[in-house]
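Report on the structure
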Amino acid sequence: MSKILEKEYFSKNVAKIVLDAPEIAKSRKPGHFVIIKIGDKGERIPLTIASSDPEKGTVTLVVQKVGVTSDKLLALEVGDEVTDVVGPLGEATHIENVGTVLCAGGGVGVAPLLPIVEGFKKAGNRVITVLAARSKDLVILEEQMREFSDEVIIMTDDGTYGKKGLVTLGMEEVIQREKVNLSVVIGPAIMMKFAALTTKKYNIKTYASLNTIMVDGTGMCGACRVEVGGKTKFVCVDGPEFNAHEVDFDQMLMRLGAYKDQEYAAYQKYLETEETVA
Amino acid sequence: MENIAEYLKAERSQEWRDEVRKSMKTKLRLEKVRVQMSEEDPNVRNTNNIEVNTGLSVEEAVLEAQRCIDCPTPTCMTGCPVGINIPKFVKKIETEDFLGAAAVLKDTNGLPAVCGRVCPQEKQCEAQCFYTIKLGKPAVAIGHLERFAADFEQKSGQIAIPEVAKSNKIKLGVVGSGPAGLAASGDLAKFGYDVTVFEALHEIGGVLKYGIPEFRLPNDVVDVEIESLKQMGVKFRTNFIVGKTASFEDLKEDGFKAFFVGSGAGLPRFMNIPGENYNGIFSSNEYLTRVNLMNAANPEYDTPVHSGKLVAVIGGGNTAMDSVRTAKRLGADRSMIIYRRSEAEMPARLEEVKHAKEEGIEFMNLHNPLEYYADDKGMVKSMKVQKMELGEPDSSGRRRPIAIEGSEFILEVDTVVVSVGVSPNPIVPAALPKLEITDWGTIVVDKDTMQSTTIPEIFAGGDIVRGGATVILAMGDGRKAAAGMHKYIQEKIKAN
Ligand SMILES: Cc1cc2nc3c(=O)[nH]c(=O)nc-3n(C[C@H](O)[C@H](O)[C@H](O)COP(=O)(O)OP(=O)(O)OC[C@H]3O[C@@H](n4cnc5c(N)ncnc54)[C@H](O)[C@@H]3O)c2cc1C
Ligand SMILES: Cc1cc2nc3c(=O)[nH]c(=O)nc-3n(C[C@H](O)[C@H](O)[C@H](O)COP(=O)(O)OP(=O)(O)OC[C@H]3O[C@@H](n4cnc5c(N)ncnc54)[C@H](O)[C@@H]3O)c2cc1C
Ligand code: FES
């Protein structure tokens, strides 16, 4: 059980949650994640640890509401308990001073990108962040990203905010303008696929942090598996970060869709019951 | 050994044992036929999760116990990895002292209700029974009797909590709450230690909870045993991964003096054949975890599971049987075992194979998968299967399967469960670089004390040492390790 100590909304569907989890706070490094479960009947979902405070014994999560469990989590208030929190999981990010780092995030990938942007900035890099969304009201965490980025470029599909175009357009603009030493991309599989193709064209080393479906998060089930460099890897223990130029994004995209219909139906049902209760 | 033989002889010549033996002529005992465990109707049970074996009645148990002739040299005991005093507990049943029988079991086995259900008795005690080896007749149903006595105790509400020595306030850690960890923690508590069991998952029990299904081992049965351990003072911390949540060093700073590692063989193996990452193809661990631990088949729970109408399970072990029977229960029209050897080589318990057949499971023995094919959404829709034949025995002593060229055919499937074995959990070895491990990733220990060959305060047992074994062997290891740890700590105290 972990108590929620603070909660702050960044936008309608995105909030920061600070949890009391002293051991995890002490052991955590940037790039690590936790698995949480709410209630006896809940499912286990992975969430990146955005930051931690070993002194206070707290970890901070940034959560975007996309389905049943993320919705349930954001419905909890300060003082409530999250039933199960386990971590820190995964391998830590390779953060070092390399020069200029181009970070790109879209959709569900923006929240987990935040600690990485922060980490590279604090390691002394020049950090340029490209945030992509379908339209203006879906752009999240802009302010938080600005705090740790030398420059933030916003891209929207419909041009309602920032520049019109896909994430790759924004990335390419930077690459053509200045020397980029490393790139990190997190987002929907399709976005990462094209971002990786872009940096490959310019021979820029690129990490992608993969957000596959997980169950245990400890290497026990293989739900999170995806091919990297021709070999099957378990994202929860071998990753979540991999060389983006080696990841089979088409396979990952396919695997992420495994429960799409069930997830959608479950969320609709959940929203209906929530409404009747409210 | 001498001592044990003497001890058994003394026990056997106690007055009550003499009386029981004399109460019925051996000839009469030998004429009785082995009891039949009553079972739920196969065509009903394969649609629900009710336990298949319903257990023996008091009358059945006593009759079965009468079959045992109380041999002067009980060969059955040589087949038991933890050396349960089998004739003694069986004779207690014959005298209708059922709680006494349970107490005998608990002297050497902390989880008799579990072992009575899942031990491969036909390969252990019952294989060495007088009836089997001398008469060629069905053995005394030792497993059924074990379950009977243990269940009787659980239901009686008079569960004997083992005596615990006065607390010595020395903190010991147990990593993993499977049968190895539970057995070790029980014995360590008896010695008076302050024991904490750390478990990575949100539930206690290891494979007993996330792997073995409800229809074979109800969770309630396991929970009763865990409750006893709690009453003995054992502390449990779920959601705690030793080596991640805190390091061994952190825990030592916190006062822990030694550790028992029972972290299991949790890493699923795949076959690395084309198409294995398509949707609808699971490891048995994922499939069983979703259904057993996360309750995915119950719509009230949030975790989804995909279980289709045409299910192929690859493998021939207990895990494969559990998966294929689960698929049937989740509504499959065809639940198929695809196993590359023949039924004689199957590692699964005999009873599970029998139950599976009764429930309408199809067995495609001497078949091996080569490749999977998917629809345009990446959902598996068929697989290429090859027929096999048996050649010479291989290193495992089982006859080697050889592919029959040109025998390939396409089988329609919509769900595949890969159940071809597991590898040792790598988290603890990764956290302790000095730990000696084998090429297979198992921890190397002294076989008597279960102490690591390179780090004195680490002891280990169960699947993390054996690479995949049985509940009873894991428990036996846990108990041996507890004795080894006790000796280690006491010697350290003396030395200071
Ligand atoms: C290592 C890792 C770190 C993560 N860190 C964060 C984080 O810091 N903050 C955060 O908000 N989310 C993060 N995620 C994603 C998060 O786990 C999912 O959003 C969550 O599992 C959704 O659960 P749900 O029950 O709310 O929605 P579901 O009902 O499971 O899904 C709702 C919809 O979201 C889609 N979806 C579900 N999971 C993913 C996914 N992993 N990637 C892309 N789409 C998905 C589904 O296809 C579906 O359409 C991370 C994922 C991984 C693997
Ligand atoms: C589906 C299935 C059916 C089976 N059927 C039978 C049967 O009928 N009869 C039989 O005798 N055997 C059977 N077995 C085998 C038997 O279950 C195992 O041999 C036995 O459970 C091994 O016990 P263990 O304690 O070594 O490990 P496990 O039961 O695997 O328990 C290990 C535990 O340690 C935890 N853990 C791992 N690493 C850490 C860490 N770093 N920190 C904290 N916790 C950690 C894991 O989460 C797990 O809960 C079956 C196995 C399976 C999978
Ligand atoms: S989530 Fe189960 S192995 Fe990665």
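See the structure printed just above.
Described below are features of the structure shown in this document. Each chain carries its own residue numbering, running from 1 in the direction its sequence is written. All chains are assigned letters beginning with A, and all ligands numbers beginning with 1, in the order in which they are written. Two thresholds apply to this predicted model, a pLDDT of at least 70 for residue-level local features and 80 or more for giving and counting side-chain atom pairs, whereas whole-chain, interface and lining totals are computed over all residues. The side-chain quantities take in all heavy atoms of the structure and omit both hydrogens and water.

**Observations concerning the site of ligand 1**
Residue and element names in this part refer to chain A.
- Proximity is defined per residue: if any heavy atom of the residue lies within 4 Å of a molecule or strand, that residue is considered near it. Neighbouring ligand 1 are 24 residues; P46, V62, Q64, S70 and N211 lie closest to it.
- Contact between ligand 1 and S70: an oxygen atom at 2.5 Å from a side-chain N or O atom of the residue.
- Reported accessibility uses the Shrake-Rupley method at a 1.4 Å probe radius. Residues are deemed covered only where the shown protein chains occlude them. Burial of ligand 1 by the protein chains amounts to 89% of its free accessible area of 890 Å².
- Each helix is a run of DSSP H or I of at least 4 residues and each strand a run of E of at least 2, with the numbering of both proceeding from the N terminus. If you list the elements that add at least two residues to the shell around ligand 1, you get β4 (45-53), β5 (58-64), α2 (68-75), α3 (110-122) and α9 (260-277).
- Top element by residues in the shell around ligand 1 is β4. It accounts for four residues.
- In this classification, the charged set is Asp, Glu, Lys and Arg, the nonpolar set is Ala, Val, Leu, Ile, Met, Phe, Trp, Tyr, Cys and Pro, and all remaining amino acids, among them Gly, are polar. Classifying every residue of the shell around ligand 1 gives 14 nonpolar, seven polar and three charged. In protein, a polar contact requires one atom able to donate a hydrogen and another able to accept it; more generally it is a pair of N or O atoms within 3.5 Å, and residues adjacent in sequence count only if both atoms are side-chain atoms.

**A look at the interface of chain A and chain B**
- The contact criterion used is simple: two residues touch if any of their non-hydrogen atoms lie within 4.5 Å. Taken together, the 41 residues of chain A in the interface contact 39 residues of chain B.
- Buried area counts how much accessible surface, traced with a 1.4 Å probe, disappears from two parts once they are put together, with both parts' losses summed. Approximately 3300 Å² of surface area, both sides summed, lies buried where chain A meets chain B, with 51% of it carried by carbon and sulfur atoms.
- Just to be clear on terms, a salt bridge is a Lys or Arg side-chain nitrogen sitting within 4 Å of an Asp or Glu carboxyl oxygen. Taken together, the links from chain A to chain B amount to four salt bridges.
- Between R237(B) and E23(A) there is a salt bridge, with the nearest N and O atoms lying 3.0 Å from each other.
- On the surface where chain A and chain B come into contact, there are 18 residue pairs in polar contact (both at pLDDT 80 or more).
- Taken together, the elements giving at least two residues each to the side of chain A that touches chain B come down to α1 (22-27), α2, β7 (84-89), β14 (225-228), β15 (231-234), α8 (249-256) and α9 of chain A.
- Take the side of chain A that touches chain B: its biggest share by element is six residues, from β7(A).
- In terms of residue class, the side of chain A that touches chain B is built from 15 nonpolar, twelve polar and 14 charged.

**Thoughts on unusual backbone geometry**
- Of note, the bond from G87(A) into P88(A) is cis; its omega dihedral lies within 30 degrees of zero at -5°.
- With respect to the helices, strands and loops of the structure, P88(A) is situated in strand β7.
- Note the cis peptide between G239(A) and P240(A), where omega equals 15°.
- Mapped onto the elements of the fold, P240(A) is located in the loop between α7 (235-238) and β16 (241-243).
- Here N203(A), not a glycine, exhibits a phi torsion of approximately 60°, which is positive.
- One non-glycine residue, N239(B), adopts positive backbone phi at about 55°.
- Checked against the element boundaries, N239(B) lands in the loop between β3 (235-237) and α14 (248-253).

**A closer look at the site of ligand 2**
Residue and element names in this part refer to chain B.
- Taken together, 36 residues are adjacent to ligand 2, and V118, A180, E199, R216 and D463 come closest.
- Between A200 and ligand 2, the recorded distance is 3.1 Å, taken from a backbone N or O atom to a nitrogen atom.
- Residue V471 places a main-chain N or O atom 2.9 Å away from an oxygen atom belonging to ligand 2.
- Protein burial of ligand 2: of its 1000 Å² of free accessible surface, 95% is covered by the chains.

**Things to note about the pairing of strand β2 (residues 194-198) of chain B**
Residue and element names in this part refer to chain B.
- Burial classification: accessible surface area is computed with a 1.4 Å probe over protein chains only, and a residue below 20% of its type maximum counts as buried, one above 50% as exposed, and the rest as partly exposed. For β2, a buried count of five out of five residues is recorded, marking the element as mostly surrounded by other parts of the structure.
- Of the two faces of β2, the one holding D194, T196 and F198 and the one holding V195 and V197 are both buried throughout.
- Where strand β1 (residues 171-175) meets β2, five bridges bridge the pair, whose relative direction is parallel. Bridge assignment links L172 to a residue of β2, and that residue is V195.
- Whether two strands pair depends on DSSP finding at least two bridges between them. Pairing between β2 and β3: three bridges, direction parallel.

**Re the side chain of T415(B)**
All names here are of chain B.
- Topologically, T415 is positioned in strand β14 (residues 415-418).
- Of note is the side chain of T415, whose polar atom sits 3.3 Å from the side chain of H306.
- Ignoring any residue separated from it by four or fewer positions in sequence, one finds T415 in contact with G280, F282, H306, S307, G308, L310, V311, A312 and V380.

**What about the nonpolar core?**
- I86(B), F89(B), I93(B), F248(B), V261(B) and I443(B) are the most contacted members of the largest nonpolar core, which has 94 residues in total.
- Top element by residues in this core is helix α20 (residues 471-495) of chain B. It accounts for nine residues.
- Not counting residues within four places of it along the chain, the set of residues in contact with F89(B) comprises I84(B), A101(B), V104(B), L105(B), I142(B), L145(B) and E146(B).
- By size, the runner-up hydrophobic cluster in this structure holds 55 residues, among which are I153(A), M171(A), I241(B) and M383(B). We call a set of buried residues a nonpolar core when its members are Ala, Val, Leu, Ile, Met, Phe, Trp, Tyr or Cys and they connect through side-chain atoms within 4.5 Å of each other.

**Focus on helix α7 (residues 98-108) of chain B**
Residues and elements named next belong to chain B.
- Counted residue by residue, α7 has eight buried out of eleven residues, so it is predominantly covered.
- By the burial criterion, the buried members of α7 are F98, G100, A101, A102, V104, L105, K106 and T108.
- Buried positions along α7 lie against α5 (58-67), α6 (86-94), α8 (112-118), α10 (142-156), α13 (219-231) and α20.

**A word on a nonpolar patch on the surface**
Residues and elements named next belong to chain A.
- Here the term patch refers to residues with relative accessible area over 30% and no salt bridge, with like charges joined within 9 Å and nonpolar side chains (Val, Leu, Ile, Met, Phe, Trp, Tyr) within 5 Å. A cluster of nonpolar side chains, contributed by I190, F194, L197 and L253, occupies part of the molecular surface with about 340 Å² of accessible area.
- Looking at the secondary structure, you find I190 in helix α6 (residues 189-201).
- Taking relative accessible area as the criterion, I190 reaches 39% and is therefore assigned partly exposed.

**Details of α6(A)**
Residues and elements named next belong to chain A.
- In this model, α6 (13 residues) spans 18 Å end to end at C-alpha, consistent with the 18 Å of a helix rising 1.5 Å per residue.
- Taken together, the buried positions of α6 are A189, M191, M192, A195, A196, T198 and T199.
- Those residues of α6 hidden inside the fold are in contact with β8 (100-106), α5 (167-177), β12 (182-186), β13 (206-209) and α8.
- In the stretch just after α6, N203 is the one whose phi turns positive, near 60°. In a helix, the anticipated span is given by 1.5 Å times the number of residues less one.

**Section: the environment of G106(A)**
All names here are of chain A.
- Considering the arrangement of structural elements, one finds G106 in strand β8.
- Looking at G106, the relative accessible area reads 3%, which means it is buried.
- Linking G106 and L76, residues 30 residues apart in sequence, is a C-alpha distance of 26 Å.

Worth remembering: the numbers are spatial, not functional.
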